[in-house]
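Letter by letter, the chains look like this.
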Amino acid sequence: MLKQAQTKYRAFAPVALSQRTWPDAQLTQAPQWLSTDLRDGNQALIEPMDPQRKLRMFQMLVKIGFKEIEVGFPSASQADFDFVRLLIEQDLIPADVSIQVLTQARQPLIERTFESLRGARRVIVHLYNAVAPVMRRVVLGLDEDQIVDLAVRHTRMVKELAAAQTGTEFVFQYSPEMFSGTELVFSKRVVDAVTEAWGATPERKCIINLPATVEHSTPNIFADMIEWMHRYLARRDAIVLSVHPHNDRGTGTAAGEFALMAGADRIEGCLFGNGERTGNVDLVNIALNLYTQGVHPQLDFSDIDEVRRCVEHCNQLSVHPRHPYVGDLVYTSFSGSHQDAIKKAFAARKEGEIWDMPYLPIDPKDLGRSYDAVIRVNSQSGKGGISYLLEAEYGIELPRRLQIEFSQVVQAVMDDAGKELSAADLWGIFENEYGLAEAQAGAPVQAAVSEHSGGQVAVHALVQIGGARLDVRGQGIGPIDAFVDGLSRHLSDDLRVLDYHEHAIGSGANARAAAYLELRVGETQTLFGVGLDANIVSASLKAIVSGLNRATRQGRLTLRAKPVESAAPVAAV
Ligand SMILES: CC(=O)SCCNC(=O)CCNC(=O)[C@H](O)C(C)(C)COP(=O)(O)OP(=O)(O)OC[C@H]1O[C@@H](n2cnc3c(N)ncnc32)[C@H](O)[C@@H]1OP(=O)(O)O
Ligand SMILES: CC(C)C(=O)C(=O)O
């Protein structure tokens, strides 16, 4: 790169526009959309679409709701010509859809274009020629007057051919190519001459399409250019003002939105931003930006993944995982604080409320996405995301301090593995840490609870702690109290239950209880145990055993005396 960039590149000049209005404008309705996937998109592909792919794309565009679709450049290739013929001859164009075809301002190309259109119901004929100074000088070798003459002559040619083909309704569209790199006064001169030559009237409007053939400037300058044209074009009431942004600076979407705010009625682009170089403006992006402002775009992306599959198949290009609204990762949060906020907002959200979800500008469900991928866990995640996945997939509602405890266990695994953990991975870690697999099998706890006079409860249980089998007999004001009393006789440290949470998982005959007990072992050690069982008392006792097994594993607890073996089996509660 040059140190003195200004010796090679120059800044784009601002537009002299007093009292510009577009910065205060709000978009309150959908624009007219034109998909050019089959033309500008197709001409930019490594391998242009074959007829099957073209047809699949066309049908998808119709299904989404596009009413104007540019289907090719029929004079450029036999393939494009044949595709236009196929659509017309096989009557594949719905009555409310207009096809559009592009032609350069050259007589043989225009004549060939009209040949391709025989028998069509309604067509937009799109004529273009370059107007920018560099094109005038380097490519065409024509001065300003000659460019105006070229545009006017070929507009008249289109008019005559259209008049001669009765039975087809023709709409005329003209693009001053490279408008974005052209002096505004000259663009206006050419366009005014063309609209006059066409004889545009408010009853018979033509489309004037202003392309950012190459995006040269910040999007506010493009907006100024559009507002300038909108203000000063002759016969503005006889024109549908259209824009055609490209994305060379990566601001095509902003340029498109600002241009609509500046007075454009219509916008041309491609799905997911395919097109020449960095692409045409992404119409899905513009449409869904509108939707998130409460304006229905009149295009249907209720199954956005189906649209993406179709586009990827037809273009043979993949859509980036971070692509707005559609990428694989765009509804996913890995970061702990984001996950925490999303989890809390989902819990607080009431059906029918305005969508106000942190980190999720749109409800993925509106686009046919599930919430499955909203939260994924890696080394950047925290307790919120971990507990969200366990709750969403396994119905486990961890109390807050257990969330903190378990997230440290997960973090240690993550530090070792260094990769993403799925809900199933987290469940495996949870089962292992809290001894759930063994507890489910019934091995560590078998207990009998009996009520005595004076409200006392007796528990007799056989449990397995730290590999030893213990015969536990105790009394208390309830089963947990009695179990702790019995266990205390086997432990070298005091055991107390600090906190207790339980909830049901599932309903009906398959319902189970989950119990989470926070234990204090000795003076300072606190930790959780977890129990799952069809019976709530068993779940609680299992939770205590789970906690004590963890404490012995961590070397925080020793058994006081030789374990007592029971002679008689004990019935489960
Ligand atoms: C910005 C856009 O996307 S515009 C659309 C661009 N799309 C395409 O180009 C895809 C289809 N294009 C094609 O198949 C071909 O380029 C065609 C059929 C249009 C023209 O093919 P060719 O006649 O072989 O010319 P070529 O492809 O080299 O195009 C450049 C020629 O067109 C000329 N040209 C460009 N615009 C015009 C015009 N409005 N009037 C007269 N000549 C023109 C150039 O001066 C150049 O002529 P030269 O060879 O005498 O110097
Ligand atoms: C033909 C015109 C509209 C075009 O594709 C462009 O300028 O990008």
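Residues numbered from 1 in each chain as written. Chains lettered and ligands numbered in written order. Predicted model: local features only at pLDDT ≥ 70, side-chain atom pairs only at ≥ 80, totals over all residues.

- An unreviewed UniProt entry annotates the protein as 2-isopropylmalate synthase of Roseateles koreensis.
- Regarding the protein, the UniProt comment filed under Function (unreviewed entry) reads as follows: "Catalyzes the condensation of the acetyl group of acetyl-CoA with 3-methyl-2-oxobutanoate (2-ketoisovalerate) to form 3-carboxy-3-hydroxy-4-methylpentanoate (2-isopropylmalate)."
- Taken directly from UniProt, the Subcellular location (unreviewed entry) text for the protein runs: "Cytoplasm". (UniProt positions renumbered as here; feature names shortened; annotations may be inferred.)

1. Considerations on the overall build of the protein
- From N to C terminus, the protein includes 18 helices and 14 strands.
- Since a compact globule built from 573 residues should have a radius of gyration of about 25 Å, the 35 Å found for the protein marks it as more spread out than a globular shape.
- Along the longest, intermediate and shortest principal axes, the C-alpha atoms of the protein span 110 × 60 × 40 Å.
- Looking at the protein as a whole, 41% of its 573 residues are labelled buried. (Helix = DSSP H or I, 4+ residues; strand = E, 2+ residues; numbered from the N terminus. Rg over C-alpha atoms; globule rule 2.2 N^0.38 Å. Buried ≥ 20, exposed ≤ 12 C-beta atoms within 10 Å, placed from the backbone.)

2. Focus: the site of ligand 2
- Near ligand 2 the following residues occur: Asp40, Leu102, Tyr128, Ser175, Glu177, Asn209, Pro211, Thr213, His244 and His246.
- Counted by class, the shell around ligand 2 contains three nonpolar, five polar and two charged residues. (Near = placed C-beta within 6 Å. Nonpolar A, V, L, I, M, F, W, Y, C, P; charged D, E, K, R; others polar.)

3. Overview of the UniProt feature "domain: Pyruvate carboxyltransferase" (unreviewed entry) in the protein
- Following the UniProt record, one finds the feature "domain: Pyruvate carboxyltransferase" (unreviewed entry) at residues 31-305.
- When the span residues 31-305 is considered, its composition is 44% helix and 19% strand, and the gap between its end C-alpha atoms is 24 Å.

4. What about the UniProt feature "binding site: Mg(2+)" (unreviewed entry) in the protein?
- Per the UniProt annotation, the sites labelled "binding site: Mg(2+)" (unreviewed entry) are Asp40, His244, His246 and Asn280. A stretch of 241 residues holds the annotated residues, and the largest C-alpha distance among them is 10.3 Å, short enough that they meet in one place.
- Among the secondary structure elements, Asp40 is positioned in helix α1 (residues 37-43).
- The class for Asp40 is buried, based on 24 C-beta atoms found within 10 Å.
- Here Asp40 is in contact with Cys270, Gly275, Glu276 and Asn280, once residues within four sequence places are set aside. (Contact = placed C-beta atoms within 7 Å.)

5. A look at the nonpolar core
- Core analysis: the largest hydrophobic core is formed by 91 residues, its most contacted members being Val71, Phe222, Ile226, Ala259 and Val284.
- By size, the runner-up hydrophobic cluster in this structure holds 52 residues, among which are Tyr434, Val484, Leu495 and Phe528. (Core = buried A, V, L, I, M, F, W, Y, C linked by C-beta atoms within 7 Å.)

6. Things to note about unusual backbone geometry
- Phi angles above zero are rare outside glycine, and Gln19 is one such case at about 50 degrees.
- With respect to the secondary-structure elements, Gln19 resides in the segment before β1 (32-35).
- Positive phi, close to 55 degrees, is recorded for Asp91, a residue that is not glycine.
- One can find Asp91 in the loop between α3 (78-89) and β3 (98-104).
- Assessed through the 10 C-beta atoms surrounding it within 10 Å, Asp91 is described here as exposed.

7. A closer look at the pairing of strand β8 (residues 266-269)
- Sheet topology note: the β1/β8 ladder contains four bridges and is parallel. When the bridges of β8 are listed, Ser35 appears paired with Gly269.
- Inspection of the sheet shows strand β7 (residues 239-245) paired to β8 by two bridges, in the parallel sense. Note that in β8 the partner of Ser242 across the bridge is Arg266.
- Following the backbone out of β7, through helix α9 (residues 252-261) and into the adjacent parallel β8, one traces a crossover that is right-handed. (Pairing = 2+ DSSP bridges. Right-handed = clockwise from strand over helix to strand, strands pointing away.)

8. Digging into the site of ligand 1
- The full set close to ligand 1 counts 15 residues, and Ala76, Gln104, Ala105, Arg106 and Asn129 are the nearest of them.
- Its residues placed into classes, the shell around ligand 1 shows six nonpolar, five polar and four charged.

9. Notes on the sheet that holds strand β12 (residues 495-505)
- Pairing within the open sheet is antiparallel, and its three strands lie in the order β12-β13-β14. Strands at the two margins of the open sheet, each flanked by one partner only, are β12 and β14 (525-533). This sheet shows a mean twist of 15 degrees between the axes of neighbouring strands, independent of strand direction.
- Here β12 pairs with strand β13 (residues 512-521) via 10 bridges, running antiparallel. (Axes fitted to C-alpha atoms, helices over the stretch in contact; angles between N-to-C directions.)

10. Topic: the environment of Glu393
- Mapping Glu393 onto the fold places it in helix α13 (residues 383-394).
- Residue Glu393 is classed as partly exposed on the basis of its 14 C-beta neighbours within 10 Å.
- Linking Glu393 and Phe334, residues 59 residues apart in sequence, is a C-alpha distance of 17 Å.

11. Let's talk about the packing of α13 against helix α14 (residues 400-417)
- Where α13 meets α14, the axes come as close as 9 Å, and the angle between the chain directions of the two elements is 95 degrees. Here α13 is positioned roughly perpendicular relative to α14, judged by the angle of their axes. Touching Lys383, Ile386 and Ser387 of α13 are Gln403, Ile404, Phe406, Ser407 and Val410, all from α14.
- Grouping the amino acids of the contact of α13 with α14 by side-chain chemistry returns four nonpolar, three polar and one charged. (Parallel < 35°, antiparallel > 145°, perpendicular 65-115°, else oblique.)

12. A short note on the environment of Val377
- One can find Val377 in the loop between α12 (336-348) and α13.
- By the C-beta count within 10 Å, which is 24 here, Val377 ends up buried.
- Spatially, the C-alpha atom of Val377 lies 60 Å from that of Val158, the residues being 219 residues apart in sequence.
- In contact with Val377, other than residues within four places in its own chain, are Gly385, Ile386, Leu389, Glu420, Leu421 and Leu426.

13. Focus: helix α2 (residues 51-64)
- The end-to-end C-alpha separation of α2 is 20 Å, in line with the 20 Å expected for 14 residues at 1.5 Å each.
- Of the residues making up α2, those classed as buried are Lys54, Met57, Phe58, Met60, Leu61 and Ile64. End-on view of α2: buried residues confined to an arc of 165 degrees, all on one side of the axis. In α2, the exposed positions that point more than 90 degrees away from the buried face belong to Pro51, Gln52 and Gln59.
- The inward-facing, buried residues of α2 abut β1, α1, β2 (68-72), α3 and α11 (304-315). (Expected span 1.5 Å × (residues − 1). Arc of directions from axis to C-beta.)

14. Side note on the pairing of β14
- Most of β14 is tucked away, with seven of its nine residues classed as buried.
- In terms of strand pairing, β13 meets β14 through nine bridges, oriented antiparallel. Within β14, the position partnered with Ala515 by the bridge is Gly531.
- The loop that links β13 with its antiparallel partner β14 comprises three residues; one of these, Gly522, has a positive phi angle of about 75 degrees.

15. Focus on the environment of Ser387
- Position of Ser387 among the secondary structure elements: in helix α13.
- When the C-alpha positions of Ser387 and Arg400 are compared, they lie 9.3 Å apart, and in sequence the two are 13 residues distant.
- In this structure, Ser387 is in contact with Leu398 and Gln403, ignoring residues within four places of it in sequence.

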